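Each chain, letter by letter, is given below.
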4 protein chains.
Amino acid sequence: MFQTIDHNNKGFITKGQIFQLLEKRGLNTTDPHIQSIFGFLNRRAKDTKIQTKINPEKITEKDFNTIIKNHENFINKIAEDTLIIPNFHKFSAQIEAIFKKTAKNKTGKVATYIPQLAQIDPDQFALSLCTIDGQRLNLGDYNTHYCAQSTSKPINYAIALELHGTKKVHQHIGREPSGKSFNEITLNKAMLPHNPMINAGAIISAALIHPNKPISERFDTIMKTWEQLSGGQKPGYNNAIYNSEKDTADRNFAIAHFMREVGAFPPNSDMKDALDIYFQSCSIELTSHNMASVAATLANGGICPLTNTKIFNLETVKNCLSLMYSCGMYDFSGEFAFTVGLPAKSGVSGALMVVIPGVMGIALWSPRLDSIGNSARGIEFCNRLIEKFKFHNYDNMMIEETGRTDPRHK
Amino acid sequence: MFQTIDHNNKGFITKGQIFQLLEKRGLNTTDPHIQSIFGFLNRRAKDTKIQTKINPEKITEKDFNTIIKNHENFINKIAEDTLIIPNFHKFSAQIEAIFKKTAKNKTGKVATYIPQLAQIDPDQFALSLCTIDGQRLNLGDYNTHYCAQSTSKPINYAIALELHGTKKVHQHIGREPSGKSFNEITLNKAMLPHNPMINAGAIISAALIHPNKPISERFDTIMKTWEQLSGGQKPGYNNAIYNSEKDTADRNFAIAHFMREVGAFPPNSDMKDALDIYFQSCSIELTSHNMASVAATLANGGICPLTNTKIFNLETVKNCLSLMYSCGMYDFSGEFAFTVGLPAKSGVSGALMVVIPGVMGIALWSPRLDSIGNSARGIEFCNRLIEKFKFHNYDNMMIEETGRTDPRHK
Amino acid sequence: MFQTIDHNNKGFITKGQIFQLLEKRGLNTTDPHIQSIFGFLNRRAKDTKIQTKINPEKITEKDFNTIIKNHENFINKIAEDTLIIPNFHKFSAQIEAIFKKTAKNKTGKVATYIPQLAQIDPDQFALSLCTIDGQRLNLGDYNTHYCAQSTSKPINYAIALELHGTKKVHQHIGREPSGKSFNEITLNKAMLPHNPMINAGAIISAALIHPNKPISERFDTIMKTWEQLSGGQKPGYNNAIYNSEKDTADRNFAIAHFMREVGAFPPNSDMKDALDIYFQSCSIELTSHNMASVAATLANGGICPLTNTKIFNLETVKNCLSLMYSCGMYDFSGEFAFTVGLPAKSGVSGALMVVIPGVMGIALWSPRLDSIGNSARGIEFCNRLIEKFKFHNYDNMMIEETGRTDPRHK
Amino acid sequence: MFQTIDHNNKGFITKGQIFQLLEKRGLNTTDPHIQSIFGFLNRRAKDTKIQTKINPEKITEKDFNTIIKNHENFINKIAEDTLIIPNFHKFSAQIEAIFKKTAKNKTGKVATYIPQLAQIDPDQFALSLCTIDGQRLNLGDYNTHYCAQSTSKPINYAIALELHGTKKVHQHIGREPSGKSFNEITLNKAMLPHNPMINAGAIISAALIHPNKPISERFDTIMKTWEQLSGGQKPGYNNAIYNSEKDTADRNFAIAHFMREVGAFPPNSDMKDALDIYFQSCSIELTSHNMASVAATLANGGICPLTNTKIFNLETVKNCLSLMYSCGMYDFSGEFAFTVGLPAKSGVSGALMVVIPGVMGIALWSPRLDSIGNSARGIEFCNRLIEKFKFHNYDNMMIEETGRTDPRHK
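Rules used in this analysis
- Residues numbered from 1 in each chain as written.
- Chains lettered and ligands numbered in written order.
- Predicted model: local features only at pLDDT ≥ 70, side-chain atom pairs only at ≥ 80, totals over all residues.
- Heavy atoms only, no water.
- Helix = DSSP H or I, 4+ residues; strand = E, 2+ residues; numbered from the N terminus.
- Contact = heavy atoms within 4.5 Å.
- Areas by Shrake-Rupley, 256 points an atom, 1.4 Å probe, with all protein chains shown as cover.
- Lys, Arg positive; Asp, Glu negative; His and termini not counted.
- Charge placed at Lys NZ, Arg CZ, Asp CG, Glu CD.
- Phe/Tyr/Trp six-rings, centres within 6.5 Å; stacked < 30°, edge-to-face > 60°.
- Buried < 20%, exposed > 50% of the residue type's maximum accessible area, 1.4 Å probe, protein only.
- Lys NZ or Arg CZ within 6 Å of the ring centre and 35° of its normal.
- Pairing = 2+ DSSP bridges.
- Salt bridge = Lys/Arg side-chain N within 4 Å of Asp/Glu carboxyl O.
- Buried area = accessible area lost by both parts, 1.4 Å probe.
- Polar contact = N/O pair within 3.5 Å; in protein donor to acceptor, adjacent residues only side chain to side chain.
- Least-squares fit on C-alpha atoms with pLDDT ≥ 70 in both.
- Axes fitted to C-alpha atoms, helices over the stretch in contact; angles between N-to-C directions.
- Patch = residues over 30% accessible without salt bridge, like charges linked within 9 Å, V, L, I, M, F, W, Y side chains within 5 Å.

A.B. asks: Can you tell me about the overall build of chain A, naming the residues and giving the values?
C.D. replies: Broken down by element type, chain A carries 17 helices and 12 strands. Across its three principal directions, the C-alpha atoms of chain A cover 75 × 50 × 40 Å. Of all intrachain contacts in chain A linking residues separated by at least 6 positions in sequence, the fraction that spans at least 24 positions is 67%. Taken as a whole, chain A presents about 15,900 Å² of accessible surface, with 47% of it coming from carbon and sulfur. Considering chain A, the positive charge centre built from 45 side chains and the negative charge centre built from 39 side chains are found 3 Å apart.

A.B. asks: A description of the packing of aromatic side chains should follow, citing residues and the corresponding values.
C.D. replies: Considering all chains together, one arrives at 53 aromatic pairs over all chains under this definition. Residues D:Phe91 and D:Phe389 carry aromatic rings whose centres are separated by 5.1 Å and whose planes lie at 55 degrees to one another, so their mutual orientation is tilted. Of the two residues, D:Phe91 is situated in helix H6 (residues 88–103) and D:Phe389 in the segment after helix H17 (376–388); the sequence distance between them amounts to 298 residues. The burial state of D:Phe91 is the same as that of D:Phe389; both residues are buried. Taken together, the ring pairs in this structure connect A:Phe88, A:Phe91, A:Phe389 and A:Phe391 into an aromatic cluster. Here the basic side chain of A:Lys345 rests over the ring of A:Tyr330, its NZ or CZ set 4.5 Å away from the ring centre. Positioned above the aromatic ring of C:Phe12 is the side chain of C:Lys58, whose terminal nitrogen or guanidinium carbon lies 5.0 Å from the ring centre.

A.B. asks: Can you break down the pairing of strand S3 (residues 126–131) of chain D residue by residue, with the values?
C.D. replies: Residue and element names in this part refer to chain D. In terms of burial, S3 is largely enclosed, as 6 of its 6 residues are buried. Side chains of S3 alternate between two faces, with Ala126, Ser128 and Cys130 and Leu127, Leu129 and Thr131 buried alike. Sheet analysis places S3 next to strand S4 (residues 136–140), joined by 5 bridges and oriented antiparallel. Note that in S4 the partner of Cys130 across the bridge is Arg136.

A.B. asks: Describe the pattern of salt bridges, naming the residues involved and giving the relevant values.
C.D. replies: Side chains that carry opposite charge are capable of pairing whenever their charged atoms lie near each other. All names here are of chain C. Under the defined criterion, the tally for this structure stands at 72 salt bridges over all chains. Put simply, Lys246 and Asp276 hold a salt bridge, and the shortest N to O gap is 3.0 Å. Pair noted here: Lys246 is in helix H11 (residues 239–247) and Asp276 is in helix H13 (residues 271–282), with a separation of 30 residues, a long-range link. Overall, the relative accessible area of 12% leaves Asp276 in the buried class.

A.B. asks: Give a description of the interface of chain A and chain B that names residues and reports values.
C.D. replies: Opposite the 40 residues of chain A that make contact, chain B presents 40 residues. Where chain A abuts chain B, roughly 3,000 Å² becomes buried across the two surfaces, and 62% of that area is made up of carbon and sulfur atoms. Along the contact surface separating chain A from chain B lie 4 salt bridges. Ionic pairing is found between B:Lys318 and A:Asp395, a salt bridge with its closest N-O pair at 3.7 Å.

A.B. asks: Any chance you could break down the side chain of D:Asn188 for me, citing the residues and the numbers?
C.D. replies: All names here are of chain D. Secondary-structure assignment places Asn188 in the loop between helix H8 (152–169) and helix H9 (199–208). Only 2.9 Å separates the side chain of Asn188 from the backbone nitrogen of Ala190, close enough to count as a polar contact. When residues no more than four places from it in sequence are discounted, the contact partners of Asn188 are Gly174, Pro193 and His194.

A.B. asks: Explain the interface of chain A and chain D to me, using residue names and the numbers behind them.
C.D. replies: Of the residues lining the interface, 11 residues belong to chain A; the matching set on chain D comes to 11 residues. Carbon and sulfur atoms make up 52% of the area that chain A and chain D hide from each other, which totals about 1,100 Å². The largest share of the area that chain A buries against chain D comes from A:Asp250, A:Arg251 and A:His257, three residues that together contribute 48% of it. Linking chain A with chain D are 4 salt bridges, by the criterion used here.

A.B. asks: Provide a residue-level description of the environment of A:Ala292, including the pertinent values.
C.D. replies: All names here are of chain A. Following the sequence through the fold, Ala292 ends up in helix H14 (residues 288–299). Residue classification places Ala292 among the buried residues on the basis of a relative accessible area of 0%. Sequence separation between Ala292 and Met353 is 61 residues; the distance between their C-alpha atoms is 7.4 Å. Among residues more than four places away in sequence, those in contact with Ala292 are Ser128, Leu129, Cys130, Gly361 and Ala363.

A.B. asks: Provide a residue-level description of the relation of the copies chain A and chain B, including the pertinent values.
C.D. replies: Superposing chain A onto chain B requires a rotation of 180 degrees together with a translation of 0.1 Å along the rotation axis, leaving an RMSD of 0.1 Å. Interpreted geometrically, this transformation is the action of a two-fold axis. Considering only C-alpha atoms, the residue of chain A closest to the rotation axis is A:Gly179, which sits at 2.1 Å. In this assembly the copies share their binding face: 100% of the residues contributing to the interface of chain A also contribute to that of chain B.

A.B. asks: Let's hear about the sheet that holds strand S11 (residues 351–356) of chain C: which residues, and what values?
C.D. replies: All names here are of chain C. Strand order in the open sheet made by the 5 strands is S4-S3-S12-S11-S10, with antiparallel pairing throughout. The open sheet has two free edges, formed respectively by strand S4 (136–140) and strand S10 (344–346), since each of these has just one partner strand. The mean inter-strand angle of the sheet, taken between neighbouring strand axes irrespective of direction, is 5 degrees. Across 6 bridges, S11 lies against strand S12 (residues 360–365) in antiparallel orientation. In the sheet register, Ala351 faces S12, and the bridge partner there is Trp365.

A.B. asks: Requested: an account of the sheet that holds strand S6 (residues 236–237) of chain A, with residues and values cited.
C.D. replies: Residues and elements named next belong to chain A. Strand order in the open sheet made by the 3 strands is S5-S7-S6, with antiparallel pairing throughout. What marks the edges here is a single partner per strand, and that holds for strand S5 (146–147) and S6. When S6 meets strand S7 (residues 284–286), the two strands line up antiparallel, connected through 2 bridges. Paired with Gly236 across the two strands is Glu285, which belongs to S7. On the sheet, helix H10 (residues 215–229) packs against S6 and S7 and is oriented at approximately 10 degrees with respect to S7.

A.B. asks: Summarise the side chain of B:Glu380; cite the residues concerned and give the values.
C.D. replies: Residue and element names in this part refer to chain B. Considering the arrangement of structural elements, one finds Glu380 in helix H17 (residues 376–388). The class for Glu380 is buried, based on a relative accessible area of 18%. Excluding anything up to four places from it in sequence, Glu380 contacts Lys101, Thr102 and Asn105.

A.B. asks: Break down a positive patch on the surface for me, with residues and values.
C.D. replies: On the surface, A:Lys90, A:Lys101, A:Lys104 and A:Lys388 cluster together into a positively charged patch. With respect to the helices and strands, the residue A:Lys101 is situated in helix H6 (residues 88–103).

Printed below as a string of structure tokens:
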């Protein structure tokens, strides 16, 4: 990397040159992982202890090697442009073009069952992506908070898996698409929810998160997980949404009572508390900027690419992606799996979280929903993405295709 | 490769040495692709015209370069052991160990609805695999013919896609799991079969294959496709099965009449002919040796690795794998997708075709079926395969896992 | 009766006076029962042997007593106006008023799935009624033949009951409303048709009619039963309808194949023959005049009031009426039972057969069907009938109601 | 009647002779109707004002005529043994024989979902019948109180009909059998409960009873109706049952939430209050003695035969009987309608209320339930009743049957 920057062989490089290269590669110097390597260059002498001797405006090769110690592999990828998405600026431009085309879509309607959603400016549109190497792109209203809603379902499911393992969790929740409408009051043949991506299953996921602890601690576990998934950024919480959700939740109460009656709840769990945690989880708020980090963590086998922290086990992520793929898009799941071929989860706020396993996570948000309840622009963006890039689960990577490219490093 | 073999620098190598290396890599000298390069070494002088001057027992480096001309890339992979499965013999031993463990499974019952299936020796067990580089392994009864049955469904669907394209085919067949039993007399909300992997959809696939041609020509198209997929080996045909199937096909007649009534058949198609072609397709017979080539072709983006012939387009293969993944294992499809995570198709004969995209195809056959109708040993083998190898669709390839390996070349 | 007619004490009465009184009571001298008593008065001397000495224009009381011997009870009812509907002319006028109001209804559409039904003049409207004492009223197109269609279902069910008894018949057919659409391809939990009033059940009824005899004899049994039910009038048969029905019967073939597959057919029965008999039964043609006699026989416990012949056992009639009440009006059965409260069976030809148990049978025919498939005018007539008369199954006969009367003799 | 008693022409009769005849006819001197005529004979002089001059031990014909003034018709029936069941003692003996046979049935299990039901002595068996003329028979544990449970459904439905009329009530409740299990969480196509005899519909009936009044007044309306239906006897109330019902009512809460969500509740009604009234109604307790009066009132067109008070309109009763007939016996309703052919309603306490329209009401109680949830002895009794008597809805009254009699006066 030193040589890459110092192509004129001056013998030293500057902080500015480093940051310029990082930015060119899509890396953000404020992200924790980059901060941990280069962050001190921005701080005053008194703030840093170890590397005080290095002059940010005149970094020698030796200094540089000290700085990047233990990160050689990552730094080489940066230098050689072999991060998972090489030529990130070209890729960003392609994504932006798709984003702009999609922004013209004004079809669909915002959800109106609670006033908090009904009053949202329907024209908003945010896209953030984050690769497994931490490369990031933000477009549109990426700094606006929106409600997680059903995008909280895979996260609570993952937390339940971490706490209990696959076997125990699936003694209480099925793992197949239902063939039924997402909010139908129906259980599978074993009298369990069909899967954790529908309301019934998500209520059981909630019930499985520390059932013996007080609600406040249980919800704290969930919030801390979101914070870690967001690369250390605390999520917001919309209490008005929570109150409204609870007041209009007849169908969820119906399914919860039904489940309690047939004994679908795990032992020692409390139905009302589970519902409460479910409603609270739906009321968590994020920016697409942070949601992209969440999705990228799932793309990266459970390790947040912004912090290199392991948050979920491989098996947790595998299960989560499997069910997002088959069941994540309400009644459109089968069609989405066929045409787009990516694990994803949508929410009634217009949220959409898409995972390209081993490559990146994408967070979209646009409040207008199609008739099935997915963000109309979200769906269009995904279709355009797959038209352009070989990201479909069953795309063949070895055979070239006219008009479609695979932008990932091989 | 010359150097690899001539490691003592004799200046020449022998036919035997070449064939020994090929075999070590899992390559079969009788397969068309290998034949086309090295086959002439086995023939007498008068059989070959071009390369008569080369002495199979004393091949110089110059001779060798002549032989491998246009195949340098493939030959290098052989020399460097960088075919998709390096160290094929180790991998083969691992597969064989799983095969032997699975062979102990004597659970399940052979299908009895027709005498031809009821009378089959239930202990038979065959496994063949074929990688996208043509590496092959055969175990057990791999030379015995068995009926394709429902493994013909993805092939007829693929043929229909080749003839009409995705859009037109799916005006007549859905593309989602049904959430219903595989042979239920039910259609989706659009009054179409739920997908081409269930009987209703397969009857429509059959209806879409050259509806205006005579049945004999239509079936010929299907047989020729199987021949190509098998690397040029003609499939067999079991007329007794065909007759029995037709005689016991009340459910298929029921669903066909129902579909005709609601207008689900494509224009100009004949219900009875479609059923006939459907029954005939089920009666095609293959060895697992050849079925592995069929699966490998799907793993290889539609190009048969034994002949390098392009049989299906990328989109055809993508669609086919998508629906095998979500709908290929009868009522067990969702569970199989979750736990095994691979596109597969089973048949009532005990046939099971598994595709590891970009890696290999596996053909299994063992007649005893579990309660859902899948080969009991087939299912067990797949479970053991995934316990050992990182072949699950949502396995993360970049993070190592204790006890599970990724045998593919990276 | 003699006194009733001879109120001036002339000492004799005339044929004309007798016939005038009969007519006043709603009795038809051409009906077999009346013919058997008074018919000879119309014939020339040579045609009759026994009563030649009686002068039709001068019948003494002694003569009269000879004539009515063995019929005293019936004759007294005539004289005293205590037949089941006293003051028949008033009642007829009330029915005619309803008929005329109903005739204004031009809603609905004729069935078009076969040309024979599509081409029928949709404005036709026939009403015939026949009491359990043989009193008759005919209005509109009562002499036009129309197809029995589904009104043949209760008759074939009744024939099956006569041949095998309740227990055996209902080993093969259920006896409850299905809660499903009448032609859905669905069976009950025991994998039997829900009841004999839907297509599936009617096919099984057909299968149960002399399964070991040739089709011609089996159909002959059916035709002879209709003849008896019609008071000796031979029904017609529309072969063009039969051919068309058979050609457009995909749903019936579907349900029949489905039933054969699950073993719903009785032992030794042939599916195709059963379907054939089913289609033929649908193609029987009657006038409303004769259909009213069919309905009256059911109202009269299985004895045809025109001939006093016992055709069905009490248990047969009881079963038949029970299921006509709960299942006879397609998807409207429940609503019809609630609002009209009478056993009835409709057909796609616009036929409607209504039974007022212990009182009368009514046959209506008007080809325009409502969206559920019942004759639009037929339904309206029944609603108006119940508004006016206390004929609902759960009307209380002992408490008077404003605006509604019970015209039957008490 | 005077003559009937005074057959020796003594010129006077005694109180004892009158009461003996009443008893012989099945009439109970303590019942209000009889009391109002003959009750004063039992009282001391000072208790009665009008008839003080009559000597109960020496009643002359003139006295007698004074006593029965305005009741001549009823008294004549008593004298002539032409009450609806003549020869009541013979009939009673026949019923008692059936009762004794049925008592041997020890199959079935008491309901155990709440302790109050689980702890009941399962061997108890009560039968009471009351004719439309007030003739009564009591057998077994007829003085023991048991919970109304679902037998409260037709009563609340009737109250709702009285308050709003057929049209309005059925804007909120369907009126057909559902073809589904009685407590399935399902609504009809109009998103309304299928009928008022299932839980969903009964909750809506409760919601329709004075929705704007306080719960206490609403329940009071219900209790007062039961009191009137019982001939003035106040029903009991089991608060422990109420508490238990409420605590175990997940399915009812589920269906209520579901209904509220889809807007099935009437405007201005409160879901929780409706549930409360529903649970309270289920907790009303009666003896079979009083329940027979309830059933008899329905048999008598809404007029209680013990008091001659009009409680329900004819239309209310008609609707109620229609739906008891088609939907009153849970999943056995269709089979019961076919085989027994009478309107009836069962409850999980083992209660069974049967109506023979125009004849009598029968109340049965035996706690052991069959697998469908109906009283095992209750069902057996009904079957035996219909074997012996021509009480089936579609029995033909004019044709005699071997082994079956019609005991009613004609």
